[in-house]
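# Chain and residue survey
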Amino acid sequence: MDNCETDVLDADDHAHPSGRCMTGSIRNSFNTIGLHLLNRAVFLLAWAKRRQRVSVGDMYVKVNLGSGLTVAPGWINVDASPNALLSGWPSFILNRLYDLSDNRQWHSRAEYISILKKHRFIHHRLEYGVPFDDRAIDVIYSSHVLEHLFRGDAEALLSDMFRSLKLGGLIRIAVPNVEHAFRLFQQGQKELALEYFFSRSPKGYLNHHHYMYDFDLLKMFLEKAGFTQIEQKKFREGIVPDIDILDNRPEETLYIEAMK
Ligand SMILES: C[S@@+](CC[C@H](N)C(=O)[O-])C[C@H]1O[C@@H](n2cnc3c(N)ncnc32)[C@H](O)[C@@H]1O
């Protein structure tokens, strides 16, 4: 199940439990307004940058699409979250973002700030495609992201991955396997299974699932996009670099590698 560390919490998460403390409730009102504005600004800025192209020159280019904070050295990380947007900003702003966000569940403050400062992030919504020129990328890794896009956007994204890869370039896609969700349901873990398809609330829009895959479906979409040598892989097995760092959630995940 998603343990995304990306969305800034919705305002309701900051509501004071008793409502008794006046100072607390004023502070919460400021948080509420601030968070709504930040979430709107993050989406608006992504739209404004929808045609951006990251220049990479002649280097060996590894791109992690929808990285969240699961990163490896030397990769360019692309994500629509506030974390990616504010990654290069001064520490006092990142400290504030940490306080407001879900990241506290998964990372210490020091870890969080270090990830955002040491790694390269591009703020970008994948509905607008891959923000690189044609044949600019050597390797694309994308884990637990494709299912967050509507089917049409996901198909378009796979075609755009193909466009932006060099000839002979590789992709590794990881998605929750829909068969895993069906299995859970059949075994009686119904609520857990349904969380793969339905969100509890509209909060954290970037974390909602909009489509699901098994090997055959994903293979079909990859073939349509032009990929060849499409193979199912095991957890941390394959030829894409750094999967020992990037692969996660083996129990639920379908891993596929393919080539342009
Ligand atoms: C479930 S998390 C996976 C994070 C990481 N790849 C991993 O495997 O741990 C999904 C990530 O995709 C990002 N994401 C979701 N929808 C996106 C979109 N439309 N454009 C860009 N990033 C998106 C979220 O912000 C989040 O970081």
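Look a little higher up for the structure.
Quick summary incoming for the structure in this document. (Residues numbered from 1 in each chain as written. Predicted model: local features only at pLDDT ≥ 70, side-chain atom pairs only at ≥ 80, totals over all residues.)

### So, the pairing of strand β7 (residues 253-259)
- A large share of β7 lies buried, amounting to five of its seven residues.
- In this sheet, β7 lies alongside strand β5 (residues 165-176) in antiparallel orientation, the contact comprising seven bridges. Paired with Leu170 across the bridge in β7 is Met259.
- Two elements, strand β6 (residues 228-233) and β7, share four bridges in a ladder whose sense is antiparallel. (Buried ≥ 20, exposed ≤ 12 C-beta atoms within 10 Å, placed from the backbone. Helix = DSSP H or I, 4+ residues; strand = E, 2+ residues; numbered from the N terminus. Pairing = 2+ DSSP bridges.)

### Topic: helix α3 (residues 91-100)
- Within α3 the residues assigned to the buried category are Leu94, Leu97 and Tyr98. On an axial view of α3, the arc spanned by its buried residues comes to 105°, and they lie on one face. What points out from α3, more than 90 degrees from its buried face, is the exposed set Phe92, Ile93, Asn95 and Asp99.
- Taken together, the buried residues of α3 touch α2 (82-86) and α4 (109-118). (Arc of directions from axis to C-beta. Contact = placed C-beta atoms within 7 Å.)

### Description of the sheet that holds strand β3 (residues 120-123)
- Pairing within the open sheet is mixed, and its seven strands lie in the order β3-β2-β1-β4-β5-β7-β6. Either end of the sheet is taken by a strand with one partner, and the two such strands are β3 and β6. When strand polarity is set aside, the average angle formed by the axes of neighbouring strands in this sheet is 20°.
- Bridge analysis of strand β1 (residues 62-65) against strand β2 (residues 76-79) gives three bridges, and the strand direction is parallel. Note on β2: the bridge partner recorded for Asn64 is Asn77.
- Contacting β4 (137-143) and β5, helix α5 (residues 151-164) crosses the sheet at an angle of about 150° to β5. (Axes fitted to C-alpha atoms, helices over the stretch in contact; angles between N-to-C directions.)

### A word on the nonpolar core
- The biggest cluster of nonpolar side chains holds 58 residues, and the ones touching the most others in it are Val63, Ile137, Ile140, Met161, Ile171 and Leu218.
- The leading source of residues in this core is β5, at six residues.
- Apart from the residues within four sequence positions on either side, Leu218 is in contact with Ile173, Val175, Tyr213, Leu254 and Ile256. (Core = buried A, V, L, I, M, F, W, Y, C linked by C-beta atoms within 7 Å.)

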